[in-house]
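# Report on the structure
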Amino acid sequence: MVICVSGGAGYIGSHMVKCLQENGLDAIVIDNLSNGHRSSVDETVPFYQGDVRDRIFLESVFSQHAIQAVIHFAADSLVGESVFEPIKYYQNNVVGALTLLDVMRQFEIKSLIFSSTAATYGEPVSIPILESDPTFPTSPYGESKLVVEKLLKWSDVAYGIKSVILRYFNVAGAHPSGLIGEDHQPETHLIPLILKVALKKAPAIKIYGDDYATPDGTCIRDYIHVMDLAQAHVLALLNLLKTHQSATYNLGNGEGFSVKEVIETARKVTQCPIETQVVARRSGDPSILLASSDKAIRELGWNPQYNRLETIIQSAWAFQQSHPDGFLD
């Protein structure tokens, strides 16, 4: 069984490839390396550098392998940037998915796992968020992902391409080996930014708003370990291949932590003072995002192994210490 991982050199994608290998599944990777790192993917894994919007490139890759399913990560994913660059997000996220699906249709590949996001919900109507809750994105990023979700629905109806949509929350942590982890340029995610302060590579961590309607005034998020996330993708894939039924699942920890709580936990893990700086809110940031993952646990048999915030930060810290300047490519 050959699984194509688009965006497989990115943070989540590289951990997905590692997880597929650990589960005895063969992967190939396509990535344009705009956000990914070639060295994050094992040299034994077939790697093709190119863009999912490039139909000729995709046709060339797909013609070389008997691909049974695609796990699609390739996308831009910064909420704040999307507010100021909406065309970029529709171009990369929506057009990329359109091209990929059309080539899948051409090669009669009928199974897709789609990396979606909690940003599709916007400001939640209730906590924890259920898969059946309304979707009203508050950013072009969330909207672009929701457009693809709707495209997947109609691709199922028209072409029989079955998909599992995985809406996840704040992904963090690193592989237990410490060999791969989170390295974005520029970095925008909270935990690695906090750890850069601990490494003395930044003077302080910015807190974007401390006047939200939460106990300590800072945003509350649901943090999920990247390897728990990857394992959920494997389970979703195996279930899709078995049942041939499309589905949507939330993936989260089920417990929310505020920005200030994450910072304090990082101080305990690193044993380093971490300075903070409160600045203005960012556009498109809901105050609370907290998932109910009961459906994935019940239907997929998902059993997260790294669900303590301290454990998540410890694994991220191990990677940051061994890669203080990130990947070298």
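Located above this text is the structure these notes cover.
We now turn to the structure provided with this report. (Residues numbered from 1 in each chain as written. Predicted model: local features only at pLDDT ≥ 70, side-chain atom pairs only at ≥ 80, totals over all residues. Heavy atoms only, no water.)

As for its placement among the helices and strands, arginine 55 is situated in helix α2 (residues 55-63). Judged by relative accessible area, which is 31%, arginine 55 ranks as partly exposed. On a C-alpha basis, the gap between arginine 55 and valine 83 in space is 28 Å, while along the polypeptide they are 28 residues apart. Each residue touching arginine 55, except ones within four places of it in the same chain, is listed here: Thr99, Asp102, Val103 and Gln106. Of note is the side chain of arginine 55, whose polar atom sits 2.7 Å from the side chain of aspartate 102. (Helix = DSSP H or I, 4+ residues; strand = E, 2+ residues; numbered from the N terminus. Buried < 20%, exposed > 50% of the residue type's maximum accessible area, 1.4 Å probe, protein only. Contact = heavy atoms within 4.5 Å. Polar contact = N/O pair within 3.5 Å; in protein donor to acceptor, adjacent residues only side chain to side chain.)

When two helices pack together, their arrangement is given by the angle between the helix axes and the distance between those axes. At their nearest, the axes of helix α8 (residues 259-270) and helix α10 (residues 309-322) sit 9 Å apart, and the two run at 60 degrees to each other. Overall, the two elements α8 and α10 adopt an arrangement that is oblique. Between α8 and α10 lies a crossing whose hand is right-handed. On α10, the residues that touch Glu261, Val262, Thr265, Ala266, Val269 and Thr270 of α8 are Leu309, Glu310, Ile313, Gln314 and Trp317. Of the residues that constitute the contact of α8 with α10, the class distribution is six nonpolar, three polar and two charged. (Axes fitted to C-alpha atoms, helices over the stretch in contact; angles between N-to-C directions. Parallel < 35°, antiparallel > 145°, perpendicular 65-115°, else oblique. Left-handed = near helix turned anticlockwise from the far one by under 90°. Nonpolar A, V, L, I, M, F, W, Y, C, P; charged D, E, K, R; others polar.)

It is worth spelling out the environment of glutamine 320 at this point. Here glutamine 320 shows up in helix α10. A relative accessible area of 4% places glutamine 320 in the buried class. Not counting the four nearest positions on each side in its chain, glutamine 320 is found in contact with Glu182, Pro192, Leu195, Lys196 and Leu199.

Another point: the sheet that holds strand β9 (residues 220-225). Taken in spatial order, the three strands of this open sheet run β7-β9-β11, and their pairing is mixed. The open sheet is flanked by β7 (170-172) and β11 (256-258), the only strands paired with a single partner. Here the strands of the sheet are splayed against their neighbours by 50 degrees on average, with no regard to which way each runs. Summarising the sheet, β7 and β9 pair through three bridges and their orientation is parallel. Bridged to alanine 172 within β9 is histidine 225. The strands touched by helix α7 (residues 226-243) are β7 and β9; relative to β9, the strand with the most contacts, the crossing angle is about 70 degrees. (Pairing = 2+ DSSP bridges.)

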